[in-house]
Every structure is written in C-alpha cells, then in structure tokens.
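# Notes for the structure review
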Amino acid sequence: MKAKVGLIFWGVALMFVMASCFKGETYPDEPIISDANVVVTNDSAVLTFSFTDGDGDIGLADDELDAPYDSASYYHFNLYLEYFEKQDAGGWEPGLDAEGDTIVFKYRLEPIIVQGKKKGIKGTMDVVINPFYNAASPESDTIKYSVKLIDRALNESVVIETDPIIH
C-alpha cells in the first residue's frame, strides 16, 4: 500500500513540475486582430474578429475621460470601422455620407476583464453595425470595412479588411 501511495504522490508531483514548465501564451503589447467576418441580418450586420493583446489593456471605462481619452481626442474611441464601397469603374472608395464626409463607425469598447488574468488576452469580439450600408448611395451594393483596434496604452493594431459584402 505504501508503494502505491508513494507512486501516486510522485506522479502528481511530476504533473505539477511539468505544468510549471509551460508558460501561458505571450502576445505583443499592441493589439493583433484577424479573421474579420461580417454576417448580415436585415438592416444590420455583426462584425466578428479575433484579437490578442499582450498587456491585456483593451477597452476604456466610462469614467476614463481625461486626455488622451477626452471626447475631442482621436483616442476617445478605441475601435474604428471605415466603410468602403466598390465603384463600378474606380475600384474601392471610402463611402461618403450626405455631407460628403467619409463614413467611419467609431466605438468605445468597455474594458475586457478576464478573472485571474493579469497579462495577455485572446478572444473574439462581435460588433453590431446598424445600419451597415449607405442606402442613399447607388454604389452600396458591394461594400467592405477596414477595422482598427486601439488599446489603453494607445497601441494600434494593423488595419485589416473584411471580405466584400454583397447585398
């Protein structure tokens, strides 16, 4: 019986030693985004993308309004979706609103909190876009979005694009 208990003890001890040798995944401090996908439902769409962030600081609390996160700053928002339309002759062009300004959807994401996790985070994010296209534009039958994510330390992801969306 002693030999069996000893064998179990050493087996469990060996598992803990081996587990401590493996470190969690590490990621760069700037957000990395990939795999942007859009699913259309009536007049809205859901953009889903994967992300990692090495220092785990994606998102801004409602009370984070001092510079550089104040409402006049570019960094007040931390997710930018730029809207593009495919022109019949000219390729992809930024979509324009009624005033002639480029259409950009700006989001202020809440902090992502992972219990017991102090560093890098990984996951997927869903963002609702409503309306998802410019109904007033004759070129809005084929569209796409570019996506950029910014973390609290002002690290910006590389811009990625969705596949074309035909509706």
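Heads up: the structure comes first, above all this text.
Note that the structure is predicted; figures quoted are calculated from it, not measured.

Moving on: the overall build of the protein. The helix and strand tally for the protein stands at one helix and nine strands. The linear arrangement of helices and strands in the protein, starting from the amino end, is α-β-β-β-β-β-β-β-β-β. Every one of the 167 residues in the protein was classed for burial, and the buried ones make up 34%. In the protein, of all internal contacts separated by at least 6 residues, the share reaching a separation of at least 24 is 66%. Of the roughly 10600 Å² of accessible surface on the protein, 57% is carried by carbon and sulfur atoms.

This part takes up unusual backbone geometry. A negative phi holds for most residues other than glycine; trans holds for most peptide bonds. The omega torsion across Ala67 and Pro68 is 10°, close enough to zero to call that bond cis. Structurally, the position occupied by Pro68 is in the loop between strand 2 (44-53) and strand 3 (79-87). Of note, Asp35 is a non-glycine position whose phi angle comes to about 55°, a positive value. Structurally, Asp35 can be placed in strand 1 (residues 32-41). We classify Asp35 as exposed; its relative accessible area is 58%.

What follows deals with the side chain of Ser146. Within the secondary structure, Ser146 sits in strand 7 (residues 142-149). With a relative accessible area of 7%, Ser146 lands in the buried category. The contact partners of Ser146, leaving out residues within four places of it in the chain, are Tyr80, Leu81, Glu82, Phe84, Val159, Ile160 and Glu161.

The strand order across the open sheet built from three strands is 1-2-6, with neighbouring strands paired in antiparallel fashion. Either end of the sheet is taken by a strand with one partner, and the two such strands are strand 1 and strand 6 (121-129). In this sheet, adjacent strand axes meet at a mean angle of 15° when their direction is disregarded.

Here the focus is the pattern of salt bridges. Per the stated rule, a full pass over the model turns up four salt bridges. Between Glu156 and Lys148 there is a salt bridge, with the nearest N and O atoms lying 3.2 Å from each other. The class of Lys148 is buried, set by a relative accessible area of 17%.

Conventions and cut-offs
Residues numbered from 1 in each chain as written. Predicted model: local features only at pLDDT ≥ 70, side-chain atom pairs only at ≥ 80, totals over all residues. Heavy atoms only, no water. Helix = DSSP H or I, 4+ residues; strand = E, 2+ residues; numbered from the N terminus. Buried < 20%, exposed > 50% of the residue type's maximum accessible area, 1.4 Å probe, protein only. Contact = heavy atoms within 4.5 Å. Areas by Shrake-Rupley, 256 points an atom, 1.4 Å probe, with all protein chains shown as cover. Pairing = 2+ DSSP bridges. Axes fitted to C-alpha atoms, helices over the stretch in contact; angles between N-to-C directions. Salt bridge = Lys/Arg side-chain N within 4 Å of Asp/Glu carboxyl O.

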